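The residues making up each chain are set out below.
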Amino acid sequence: MPTKTYIQKISTQTDSICVSDPIALQQTLSPFPKHNYQDTMKKYILAAAVAASSFAAFAQDFDVDPTLKISNNENKVNFTVGARFMADAAVFDTEATPLNSGASIADARIRTSMKYGENWYFYADFGFGAGKFSQKNIFLEYSKRDATQASHAVKVGYYGDPAGSMSRQTSLGGCHFISRPGSAETLGLGRELGVSYKYSASNVFLYQGVFTENQYNKIDADYNGLSASGRWIYRHIDKSGGGHVGASARYAHLGGGEEYASGNSTYTKKHLILSQALETYVDDNKAFVNCNLPWAHSVIDFGGEALWFGGNYFVRGEYRHKIVTKKRDSQKVYDAAREKGEDTWGSYDAWLAANPLRTNHFNGAYLETGYKIFGGDYKYDMHDAVLGGMKDKSLEVVGRVSYTNLNDIASGEHYSAESGKYFPDGYDESKPYESASVGGGRIISATLGVNYAFNKYAQVMLHYTYSNLDKDALPGDSNFHQVQARVQFTF
């Protein structure tokens, strides 16, 4: 039977994947011969030191702004071209399933912007990381200040969803960490096509919009999907620092799906995939934390955030919760199974009992902190309500704890390693049963790092991350150690 397939992807920083048979994956890769990680790490640290010293000499040459700027004062047009480049190296120590130590270009892009008059602003940037071209942000914004100096802005195009978390609203070049926290990558939201309104005053920030999930409408079935989202903040900022507290929420009716036809029965089956890598871009293996949610119908996201900073320190954190509802035309699906000769349940009621639908709940959180040993004060971006990056010669130490939970096990069900599925207690595993339990993995990661900026354009980073995984399908994988380094130019 021919099918047309479309899978909705939540993670937009990198492509989401789902491993359909993690047991087979683990059996294929394990037992894996252990490397001498001390020797490997020494080699990478030596190489990183040589690269860093060469990079330092090169970075010192940026004593003027390298950004290309073209102005037409008569027509009030200012055009700017910039770039960003990030190269990472990492060494991993795992237990059963290996990760590939090495180096990669984490991000490379060209950025363009045009400002017309005092109110119109156009921005577009295009990525070349991972050896392929990709569209990033592209939008047009009209903004105007009122008599109180509050800003009103209308934005149209392809850009980050307002409810995508504080971390996802912050440019990767200004995050103070080599990667965003896993919870933000898994449960946060990426770029979408839509229109939004932003109100930014001294103490209030209100940002909301309407979006569609596929910017090119390239779907095989159903429609494009629609969502409404927002991020709302109360803040107090002055010259010495300050902070904010806020909340975000989103409702999405998912589009797309797999279109099935069998005899007189036709139906659409939608999927939602959630996944994350282990807070690295060198090996973005998503087999450890991932889940595929069939019959996904709508998604509700909500969360809270807080930020506090002074001249030489910051503390920020978020909590996120995702609710995925399911929907199907059970009678059509049952009839199609009977027409294909797959009815081994005996009756429609028995089939329903063996194919339950259940709303899933997932959550995650992170807490980050940083302290500047020397350098300029931390700055707050009033227009986007985020903390800025390192803007001058400075040295900082940072720390983070992040948590992601994609485990949602139905009461009374247990995992069968032999079949790779969940079953109710006392159920005969020889009978067909499709569990509504989700064992996507629960992971806690802790990171310590040091960042040095030569100036506002060039920076190096060195971080260590420990992760602990709880996943029924991968009992041999619990502890992960990784040391990462990054060099980056942003202008």
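Residues numbered from 1 in each chain as written. Predicted model: local features only at pLDDT ≥ 70, side-chain atom pairs only at ≥ 80, totals over all residues. Heavy atoms only, no water.

### Things to note about the overall build of the protein
Put simply, the rule reads: Think of it this way: any DSSP run of H or I at least four residues long counts as a helix, any run of E at least two long counts as a strand, and we number them from the N terminus. Note on exposure labels: buried denotes an accessible area under 20% of the residue type's maximum, exposed denotes more than 50%, and partly exposed covers the range between, all computed with a 1.4 Å probe on protein chains only.
From N to C terminus, the protein includes 6 helices and 26 strands. In the protein, which comprises 491 residues, the proportion classed as buried is 50%.

### Comments concerning the packing of aromatic side chains
In this description, a pair of aromatic rings is defined by centroid distance and the angle of the planes. Using the following cut-off: For Phe, Tyr and Trp, rings pair up if their centres lie within 6.5 Å, where Trp contributes its six-membered ring, and each pair is then called stacked (planes under 30 degrees apart), edge-to-face (over 60) or tilted (otherwise). Think of it as a cone above the ring: NZ of Lys or CZ of Arg counts as a charge over the ring if it is within 6 Å of the ring centre and within 35 degrees of the ring normal.
Taken as a whole and judged by the stated rule, the model has 20 aromatic pairs. Each ring, one from Tyr159 and one from Phe211, has its centre 5.7 Å from the other, and the planes form 75°; the classification is edge-to-face. Taken together, the positions of Tyr159 in strand S7 (residues 151–160) and Phe211 in strand S9 (residues 204–212) put the pair 52 residues apart, joining distant regions of the chain. With respect to class, Tyr159 is no different from Phe211; both count as buried. By way of ring pairs, the aromatic residues Tyr121, Tyr123, Phe139, Tyr159 and Phe211 are connected into one cluster. The ring of Phe139 is capped by Lys155, whose NZ or CZ atom sits 4.1 Å from the centre of that ring. Lying across the ring of Trp295, Arg328 places its NZ or CZ 6.0 Å from the centre.

### With respect to the pairing of S9
Taken residue by residue, a regular strand's side chains alternate between the two faces of the sheet. Note the threshold: We call two strands paired when DSSP finds no fewer than two bridges between them.
Two elements, strand S8 (residues 191–200) and S9, share 8 bridges in a ladder whose sense is antiparallel. Bridge assignment links Ser196 to a residue of S9, and that residue is Gly209. Between the antiparallel neighbours S8 and S9 lie 3 residues. By the bridge criterion, 8 bridges tie S9 to strand S10 (residues 226–238) in an arrangement that is antiparallel. Bridging from a neighbouring strand, Val210 pairs with Ala228 of S10.

### A look at the pattern of salt bridges
Stated precisely, the cut-off is as follows: Salt bridges are counted wherever a side-chain nitrogen of Lys or Arg sits within 4 Å of a carboxyl oxygen of Asp or Glu.
Summed over the entire model, instances satisfying the criterion amount to 18 salt bridges. When the shortest N-O distance is used, the salt bridge between Asp125 and Arg109 registers 2.8 Å. Placement of the pair is Asp125 in strand S5 (residues 120–127) and Arg109 in strand S4 (residues 102–116), with a sequence separation of 16 residues. This pair shows no difference in class: Asp125 is buried, exactly as Arg109 is. One salt bridge connects Asp161 with Arg250, and the closest N-O pair in it is separated by 3.8 Å. Highlighted residues: Asp161 in the loop between S7 and helix H3 (166–169) and Arg250 in strand S11 (residues 241–253), separated in sequence by 89 residues. When its relative accessible area of 4% is taken as the criterion, Arg250 is described as buried. The network of salt bridges with common partners includes Asp161, Glu192, Arg250, Asp301 and Lys322.

### A closer look at helix H5 (residues 330–339)
Where we set the bar: The arc in question is traced by the directions running from the helix axis to the C-beta atoms.
Taken as a whole, H5 has its buried residues at Ser330, Val333, Tyr334, Ala336 and Ala337. Along the axis of H5, the buried residues cluster in a sector spanning 160°; they form a single face. After H5 finishes, the residue Gly341 shows a positive phi value of roughly 75°.

### With respect to the nonpolar core
As a reminder of what qualifies: We define the nonpolar core as a collection of buried residues of types Ala, Val, Leu, Ile, Met, Phe, Trp, Tyr and Cys that are connected through side-chain atoms lying within 4.5 Å of one another. Only heavy atoms enter the contact rule, under which two residues are in contact if any of them lie within 4.5 Å.
If you look at the biggest cluster of nonpolar residues, it comprises 24 residues, and the most contacted ones within it are Leu272, Phe288, Leu293 and Phe362. No other element matches strand S15 (residues 289–294), which puts 3 residues into this core. Every residue in contact with Leu293, bar those within four places of it in the chain, is listed here: Lys270, His271, Leu272, Leu274, Val324, Lys326, Asn360, Phe362 and Val438. Phe139, Phe205, Ile233 and Val386 belong to the second-largest nonpolar core, a separate cluster that totals 17 residues.

### Regarding a nonpolar patch on the surface
Rule in force here: Patch criteria: residues need more than 30% relative accessible area and no salt bridge. Like-charged residues are merged within 9 Å; nonpolar side chains of Val, Leu, Ile, Met, Phe, Trp and Tyr are merged within 5 Å. Each accessible area value is a Shrake-Rupley result obtained with a 1.4 Å probe; residue values ignore everything except the protein chains displayed when judging cover.
Residues Trp308, Tyr313, Val315, Leu367, Tyr371, Ile373, Phe374, Val397, Val450 and Leu462 make up a contiguous nonpolar surface patch of about 890 Å² in total accessible area. Of all the secondary-structure elements, those providing two or more residues to the nonpolar patch are strand S17 (313–326) and strand S18 (360–374). When residues in the nonpolar patch are grouped by element, the largest group, 4 residues, is from S18. Following the sequence through the fold, Trp308 ends up in strand S16 (residues 296–309).

### A few points about the pairing of S11
Relative to S11, S10 is paired through 13 bridges, and the arrangement is antiparallel. Paired with Gly230 across the strands is Ala249, a residue of S11.

### Focus: the side chain of Lys155
Applied cut-off: Residues scored as charged are limited to Lys and Arg (positive) and Asp and Glu (negative), so that His and the chain ends carry no count.
Tracing the chain through its elements places Lys155 in strand S7. As a buried residue without a salt bridge, Lys155 has its nearest oppositely charged side chain in Glu141, at a separation of 4.5 Å. Those residues in contact with Lys155 that lie beyond four places of it in its chain are Phe139, Leu140, Glu141, Gly194, Val195, Ser196 and Tyr207.

### Describing the confidence of the model for the protein
Here is the rule: A residue's pLDDT is simply how confident the predictor is in it, with values from 0 to 100.
Put simply, the protein has an average pLDDT of 85, and 84% of its residues get 70 or more. The low-confidence segment residues 1–35, where pLDDT is below 50, has 92 contacts with residues more than four positions distant or belonging to other chains.

### Section: unusual backbone geometry
Although it is not a glycine, Ser165 adopts a positive phi angle of roughly 90°. Within the element layout of this structure, Ser165 appears in the loop between S7 and H3. The exposure class of Ser165 is buried, given its relative accessible area of 1%. Positioned with a positive phi, Glu279 is a non-glycine residue whose angle comes to about 55°. Locating Glu279 in the fold gives a position in the loop between strand S14 (271–276) and S15.

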